Amino acid sequence: MKFRTVCSAILLSISLLASSFSALAANNLQDVRVWPSPDKFRVVFDLTQQPDFTYFSLTGKDRLVIDFKGTKISANLKKLIIKSKLVGKIRVSKAPKKGMLRIVIDLNKAIEPRIFSLSPAGPYGDRLVVDLPKLSLGDKAAKTVKLVKSVKDMQNKNRDIMIAVDAGHGGEDPGSIGASGRYEKNVTLIIAKMLAARINKTKGLKAILTRRGDYYVDLNKRTGIARKNKTDLLVSIHADAFTSRKPHGASVLVLSSRRADTEVGRFLEDSEKHSQLLGGVGKIIESNETEKDLARTLIDMQMFHSMDESNIIAQGVLKRLGKVTHLHNKKPVYLSLGLLKSPDFPSIMVETGFISNRQDEKNLHSSKHRKKLVDAIFNGVNSYFEKNPPDGSLYAQRNEQAKPKTHRVVSGDSLSVLAKRYNTSVSKLKKKNALRSSMLRIGQVINI
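Source: prediction; values computed, not measured. (Residues numbered from 1 in each chain as written. Predicted model: local features only at pLDDT ≥ 70, side-chain atom pairs only at ≥ 80, totals over all residues. Heavy atoms only, no water.)

Caption draft 1: Spatial organisation of the environment of Leu-209. Position of Leu-209 among the secondary structure elements: in strand 11 (residues 205-209). Sequence separation between Leu-209 and Ser-236 is 27 residues; the distance between their C-alpha atoms is 9.9 Å. When residues no more than four places from it in sequence are discounted, the contact partners of Leu-209 are Val-165, Ala-192, Lys-193, Ala-196 and Ile-225. (Helix = DSSP H or I, 4+ residues; strand = E, 2+ residues; numbered from the N terminus. Contact = heavy atoms within 4.5 Å.)

This is the structure in structure tokens:
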């Protein structure tokens, strides 16, 4: 009896000991991914559970040290490819105590990191995200962004019309996943680059891209890039998805102050919020009180005008898209999306097709079809600016020159005086106005 009791106690002790060892390393670091972007270098640690961590920085040889409690590693850091002037190496170091995993990020200069965890979303599980800004605090202070156009800017004649082209999603946020497993973020980047190139081939227009590679840019920063470049229009490129494979075709979205009233619309709004979670915004958002105050003022003065102009542009783009692809919605779709809420310039979101639909997905990966989409979007946007050129732009000057000039005759006027004033000849004035003599009468309207 005593022997059985002793055996049971030993087995219980072994079980408890095994459980304690298991608890010490219950979490597993499965993968490490890096996402370089123009303003930061992002490191993502993929774990099986929510991370329990601490971190600190070391100087001399600059390093960021992260200690994961109760974590083991199965990721192979030696296979990690890092192409960055900011980060040298990501490696495992000796842990301070048993059951802890120590990761060291070797840096080429001292940086103040932003570190936060993300809950499972989309194709990803629990993650720890480390953002390493490329600019130090001193650099940022030196690079202040002016949000209001100066008088000098406004007096700049014959300027290019600036169009911000935004490729939806990117990096941590793959966007929608197609019927064959392709990512929306890749399709949108290709089309955005094609559209930007098409715009830049046109004299008087200039495009800037909110992202040029596979990295995530949060919504505030996308509109911030557009604003910094004094954009006249933001065009965001996306590809729809739905729970059913049946919906197909293109749409153009504009801002609404009300919640979507259709099932697909509500799904899209939720998807955009989901994308923010994937990309890690909402956890850390830089605030600037001056920018907030300016935004409130601009909203009061310009929001309704911006929404009206966005609607006009959307209609023009839809008209041309309808000639090259099926339209899921023949009229602009009104949704409450953060990316479209800038009051100081019009914004539209072009849903180029449903990536969840097999035929649409096939079309979106056809270079011939993409070119048709790009031409349609460009022609819609270009047509709008030809009719509504911004002040001071080359397009505005062309419109002014194209307008027929007239002159109402006053005392002292003669054909020779008018010819000299308007840099023409008497014979041309007579021909333009079908005049048989050089006599003019006061009040007479002369075409120049």
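Caption draft 2: How the structure looks around the sheet that holds strand 2 (residues 40-47). As summarised here, the arrangement of the five strands in space is 5-1-2-9-8, forming an open sheet in which the pairing is mixed. The open sheet has two edge strands, strand 5 (71-73) and strand 8 (114-118), and neither has a second partner. Taken over all neighbouring pairs, the strand axes of this sheet differ in orientation by 30 degrees on average, direction set aside. With five bridges connecting them, strand 8 and strand 9 (residues 126-133) associate as antiparallel partners. Across the sheet, residue Phe-116 finds its bridge partner in strand 9, namely Val-129. (Pairing = 2+ DSSP bridges. Axes fitted to C-alpha atoms, helices over the stretch in contact; angles between N-to-C directions.)

Caption draft 3: Representation of the pattern of salt bridges within the structure. The tally for this structure, following the rule as stated, stands at 13 salt bridges. Its salt-bridge partner being Arg-91, residue Asp-106 comes within 2.9 Å of it at the nearest N-O pair. Taken together, the residues Asp-106 in strand 7 (residues 100-107) and Arg-91 in strand 6 (residues 87-93) connect sequence positions 15 residues apart. We classify Asp-106 as buried; its relative accessible area is 18%. What makes Arg-91 partly exposed here is its relative accessible area of 25%. Asp-232 is the partner of Arg-159 in a salt bridge, and the nearest nitrogen-oxygen pair spans 3.0 Å. A residue pair is termed long-range when its members are at least 10 positions apart, and Arg-159 in the loop between helix 3 (151-154) and strand 10 (161-167) and Asp-232 in the loop between helix 5 (219-228) and strand 12 (233-240) qualify at 73 residues. When salt bridges that share partners are traced, they join Arg-33, Asp-46, Arg-127 and Glu-172 into one network. (Salt bridge = Lys/Arg side-chain N within 4 Å of Asp/Glu carboxyl O. Buried < 20%, exposed > 50% of the residue type's maximum accessible area, 1.4 Å probe, protein only.)

Caption draft 4: Just the side chain of Thr-325, in detail. Secondary-structure assignment places Thr-325 in the loop between helix 7 (289-321) and strand 14 (333-335). For Thr-325, a relative accessible area of 16% puts it in the buried group. In this view, Thr-325 contacts Ala-250, His-369 and Leu-373; residues no more than four positions away in its chain are not counted.

Caption draft 5: Representation of the sheet that holds strand 3 (residues 53-58) in the model. Sheet architecture is open: four strands sit in the order 3-4-7-6, paired in antiparallel fashion. Each edge of the sheet is formed by a strand with only one pairing partner; in this case those strands are strand 3 and strand 6. On average, adjacent strands in this sheet sit at an angle of 15 degrees to one another, irrespective of strand direction. Bridging between strand 4 (residues 63-69) and strand 7 involves seven bridges; their strand directions are antiparallel. Looking at strand 7, one finds that Arg-63 is bridged to Asp-106.

Caption draft 6: Quick peek at the nonpolar core. Membership of the largest hydrophobic core comes to 41 residues, with the highest contact counts inside it found for Ile-163, Val-165, Leu-195, Val-235, Ile-237, Leu-321 and Ile-348. Listing elements by their share of this core, those giving two or more residues are strand 10, helix 4 (184-200), strand 11, strand 12, strand 13 (251-255), helix 7, strand 15 (347-354) and helix 9 (367-387). The element best represented in this core is helix 9, accounting for eight residues. If near-sequence neighbours (up to four positions away) are discounted, Ile-348 is found in contact with Leu-234, Val-235, Ser-236, Val-252, Leu-253, Val-254, Ser-310, Ile-313, Ala-314, Val-317 and Leu-340. (Core = buried A, V, L, I, M, F, W, Y, C linked by side-chain atoms within 4.5 Å.)

Caption draft 7: Expanded view of the confidence of the model for the protein chain. With 78% of its residues at a pLDDT of at least 70, the protein chain reaches an overall mean of 81. This model gives residues 16-23 a pLDDT under 50, and the stretch forms two contacts once residues within four places in sequence are excluded. Across residues 281-288, confidence stays below pLDDT 50; counting only partners more than four residues off in sequence or on other chains, it has twelve contacts. (pLDDT = per-residue confidence, 0-100.)

Caption draft 8: Inspection of the side chain of Arg-42 at higher detail. Checked against the element boundaries, Arg-42 lands in strand 2. Taking relative accessible area as the criterion, Arg-42 reaches 6% and is therefore assigned buried.

Caption draft 9: How the structure looks around the packing of aromatic side chains. The full count for this structure, using the stated rule, is two aromatic pairs. Judged by centre distance (5.6 Å) and plane angle (65 degrees), the rings of Phe-45 and Phe-68 are edge-to-face. Residue Phe-45 is found in strand 2, and its partner Phe-68 is found in strand 4; the two are separated by 23 residues along the sequence. The class of Phe-68 is buried, set by a relative accessible area of 0%. Aromatic side chains Tyr-384 and Phe-385 sit 5.1 Å apart centroid to centroid with 70 degrees between the ring planes, which places their arrangement in the edge-to-face category. Looking at Tyr-384, the relative accessible area reads 9%, which means it is buried. Looking at Arg-198, its charged tip hangs above the ring of Phe-378, at a distance of 4.0 Å from the centre. Here the guanidinium or amino end of Arg-222 rests over the ring plane of Tyr-216, the centre of that ring lying 5.7 Å away. (Phe/Tyr/Trp six-rings, centres within 6.5 Å; stacked < 30°, edge-to-face > 60°. Lys NZ or Arg CZ within 6 Å of the ring centre and 35° of its normal.)

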